[in-house]
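Residue strings, one per chain:
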Amino acid sequence: MLNIVICDDNKTYLQAAVSVIQNYFDQRKENVHIFKFTNEHEMKT
C-alpha cells in the first residue's frame, strides 16, 4: 500500500487532486491511502 499526503488550502482543488489520484490507482487495482489536509498545522499533528 502506498500512502500519499496532500495539503491544499482550497478544498475544491484538494478534492480534485484526491479524485485524480484515487482514480489512477483504482484503474491499476492498487491500494493507496490518501491523507488530506487543508493546512500545514493539521498535517503536523
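What comes next is a walk through the structure. Nothing here was measured: the structure is a model prediction, and the numbers come from that model.

A word on the packing of aromatic side chains
Point 1. Scanning the entire structure with this criterion turns up one aromatic pair.
Point 2. For the ring pair Tyr24 and Phe25, a centre distance of 5.0 Å and an interplane angle of 85 degrees mean the geometry is edge-to-face.
Point 3. Taking the relative accessible area as the measure of exposure, Tyr24 reaches 42% and is therefore partly exposed.
Point 4. Taking the relative accessible area as the measure of exposure, Phe25 reaches 11% and is therefore buried.
Point 5. Across from the ring centre of Tyr24, 3.7 Å away, lies the NZ or CZ of Arg28, which sits over that ring.

Reading the values: the criteria
Residues numbered from 1 in each chain as written. Predicted model: local features only at pLDDT ≥ 70, side-chain atom pairs only at ≥ 80, totals over all residues. Heavy atoms only, no water. Phe/Tyr/Trp six-rings, centres within 6.5 Å; stacked < 30°, edge-to-face > 60°. Buried < 20%, exposed > 50% of the residue type's maximum accessible area, 1.4 Å probe, protein only. Lys NZ or Arg CZ within 6 Å of the ring centre and 35° of its normal.

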